[in-house]
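Reading the structure
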Amino acid sequence: MARLDVTEVFHGISFPGHLHTQDSLQFALKFPFQDTDILIVSYPKSGTTWMQEIVTLISSRGDPQFSKTVPNWARSPWLEQHYCAAVLEASSATPRVITTHLPYHLLCHALQGSKAKVIYVSRNPKDVVVSFYHFHKMANFLPEAGSFQEFLNRFLGGKLSFGSWFDHVKGWTSQLATVSNLLHITYEEMSLDLQGAINKVSSFLQCSLVEDELNNCVKHCSFNSMKDNNMVNYTLIDEGIIDHSKGAFMRRGKIGDWTNLFTEEQNQYFESVFNSEMQGCTLEFVWEERDKEETR
Ligand SMILES: Nc1ncnc2c1ncn2[C@@H]1O[C@H](COP(=O)(O)OS(=O)(=O)O)[C@@H](OP(=O)(O)O)[C@H]1O
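Residues numbered from 1 in each chain as written. Predicted model: local features only at pLDDT ≥ 70, side-chain atom pairs only at ≥ 80, totals over all residues. Heavy atoms only, no water.

The name given to the protein chain in an unreviewed UniProt entry is Sulfotransferase, with Scomber scombrus as the source organism. As stated in UniProt under Subcellular location (unreviewed entry), the record for the protein chain gives "Cytoplasm". (UniProt positions renumbered as here; feature names shortened; annotations may be inferred.)

1. A word on helix α6 (residues 104-111)
Considered for burial, the residues of α6 that qualify are L106, L107, C108, A110 and L111. G113 lies just past α6 and shows a positive phi near 80°. (Buried < 20%, exposed > 50% of the residue type's maximum accessible area, 1.4 Å probe, protein only. Helix = DSSP H or I, 4+ residues; strand = E, 2+ residues; numbered from the N terminus.)

2. Some remarks on the UniProt feature "domain: Sulfotransferase" (unreviewed entry) in the protein chain
Under the present numbering, the feature "domain: Sulfotransferase" (unreviewed entry) in UniProt falls on residues 35-281. Helix makes up 46% of residues 35-281 and strand makes up 8%, while its end C-alpha atoms are separated by 30 Å.

3. Description of the sheet that holds strand β3 (residues 38-42)
Strand order across the open sheet formed by 4 strands is β4-β3-β5-β6, with parallel pairing between neighbours. A single partner strand is all that each edge strand has here, and the edge strands are β4 (97-100) and β6 (182-186). The average undirected angle you get between the axes of adjacent strands in this sheet is 20°. Alignment of β3 against strand β5 (residues 117-122), held across 5 bridges, turns out to be parallel. Its bridge partner being in β5, V41 is matched across the sheet by Y120. Strands β3, β5 and β6 of the sheet are contacted by helix α9 (residues 165-173), whose axis makes an angle of about 140° with β5. (Pairing = 2+ DSSP bridges. Axes fitted to C-alpha atoms, helices over the stretch in contact; angles between N-to-C directions. Contact = heavy atoms within 4.5 Å.)

4. Side note on the nonpolar core
Membership of the largest hydrophobic core comes to 49 residues, with the highest contact counts inside it found for F155 and W165. Ranked by size, the runner-up nonpolar core spans 29 residues in total, among them I40, I54, V55 and Y187. (Core = buried A, V, L, I, M, F, W, Y, C linked by side-chain atoms within 4.5 Å.)

5. Re the site of the ligand
Neighbouring the ligand are 21 residues, the closest being T48, T49, S131, Y187 and R252. Note that a nitrogen atom of the ligand is positioned 3.5 Å from one of the backbone N or O atoms of F223. With the chains in place, 96% of the 640 Å² that the ligand exposes on its own is no longer accessible. More than half of the atoms of the ligand fall within 2 Å of the grid points belonging to the largest pocket. Contributions of two or more residues to the shell around the ligand are made by α2 (48-59) and α13 (223-227). Examining the composition of the shell around the ligand, we find that 3 residues originate from one element, α2, more than from any other. In terms of residue class, the shell around the ligand is made up of 9 nonpolar, 8 polar and 4 charged. (Near = heavy atom within 4 Å. Polar contact = N/O pair within 3.5 Å; in protein donor to acceptor, adjacent residues only side chain to side chain. Areas by Shrake-Rupley, 256 points an atom, 1.4 Å probe, with all protein chains shown as cover. 1 Å grid on protein atoms, 1.4 Å probe; cavity = no way out; pocket = protein on both sides within 12 Å on 5 of 7 lines; lining within 4 Å. Sits in = over half its atoms within 2 Å of the grid points. Nonpolar A, V, L, I, M, F, W, Y, C, P; charged D, E, K, R; others polar.)

6. Considerations on the state of the cysteines
Enumeration according to the criterion identifies 0 disulfides in this entry. Between C108, a cysteine without a disulfide, and C281, which holds the nearest cysteine sulfur, the sulfur-to-sulfur distance is 18 Å. We note that C217 lacks a disulfide partner, and the nearest cysteine sulfur, in C221, lies 6.0 Å from it. (Disulfide = S-S within 2.5 Å.)

7. Comments concerning the side chain of N181
One can find N181 in the loop between α9 and β6. N181 sits in the buried class, given a relative accessible area of 18%. Within polar-contact distance, the side chain of N181 engages the backbone oxygen of S114 at 3.2 Å. Setting aside residues up to four positions removed in sequence, N181 forms contacts with S114, K115, A116, K117, V118 and F204.

8. Points about the environment of H11
Within the secondary structure, H11 sits in the loop between β1 (7-10) and β2 (13-16). Between the C-alpha atoms of H11 and L25, which are 14 residues apart in sequence, the distance is 9.8 Å. Ignoring sequence-local partners within four residues, the contact set of H11 consists of L29 and L106.

9. What to know about the packing of helix α11 (residues 194-204) against helix α12 (residues 211-220)
At a closest axis distance of 10 Å, the pairing of α11 and α12 adopts a crossing angle of 120°. α11 and α12 meet at a crossing whose hand is right-handed. For the pair α11 and α12, contact is made by L194, Q195, I198 and N199 and by L214, N215, C217 and V218, respectively. By residue class, the composition of the contact of α11 with α12 is 5 nonpolar, 3 polar and no charged. (Left-handed = near helix turned anticlockwise from the far one by under 90°.)

10. Some details on unusual backbone geometry
Cis geometry is adopted by the peptide bond preceding P95, which originates at T94 and carries an omega value of -5°. In this structure, P95 sits in the loop between α5 (84-90) and β4. Positive phi, normally seen in glycine, also occurs at R61, with a value near 55°. Structurally, R61 can be placed in the loop between α2 and α3 (65-69). Overall, the relative accessible area of 36% leaves R61 in the partly exposed class. Within the chain, F162 stands out as a residue other than glycine whose phi angle is a positive 75°. Tracing the chain through its elements places F162 in the loop between α8 (148-156) and α9.

See below:
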């Protein structure tokens, strides 16, 4: 099957060509948000699909019917992808749940003055780059992954799809102090305490759950449950687009998987770029599973 590796460049950032067009990206930048909208925002591989599942299950009060019958991209479409307008038009769901990987500086005008609730999901960037690397090997619509060293250089240089991780995280989280309808939650929080994370999201969405509903959400959002749910594990996608023989979208789902791939030199290089890019930024990250104990 021919590779679908056309890349669109928009405002200096590359986007996977098969789902993004200049028109779809322009559409996103001028999107008329409604105050009731819920917008899930993340850099790729940060826990986007997980948050889509959490929001779906909170909205359905733990009932998995919707999440087991409708694919995540149809329940909460990506704003910048070409089918988004059609999906939103066809849906009568309230609130609308929309997803985006766009950086803050591209979406800030569309969001200005809006009361839409924004959930920003971040993940420690060493695990992000490893997850993204494995995904590039499976996804025929993305450029070749190359060696991990080459990939790491592209990640740290902001050359991968959706641009710089540093700009993304700093851009969105810089709004936390002034914007009340923005929630920041991390992949690691969800991993360390899924029930607590679901509670945090449900109270932000003003949709508090009773114990049974909460327990059902936790059950259906677990890694194993989502791994077996073909509405979120991307096995519905054609082999020509995602080569399932090369790996699984629901791959490991762990904190600290980077330790299995990074060399000592790569770690030092990463740390030097990270420290320079994140200078003055007070965000803290959980880098390894063993940090769990310290944060409890
Ligand atoms: N329930 C649950 N528990 C733990 N981990 C989970 C879960 N759901 C998704 N994941 C992991 O999230 C990674 C995919 O990230 P995204 O959904 O942001 O990818 S994408 O940007 O939408 O393509 C990818 O991470 P890696 O396993 O490290 O590759 C998924 O396995």
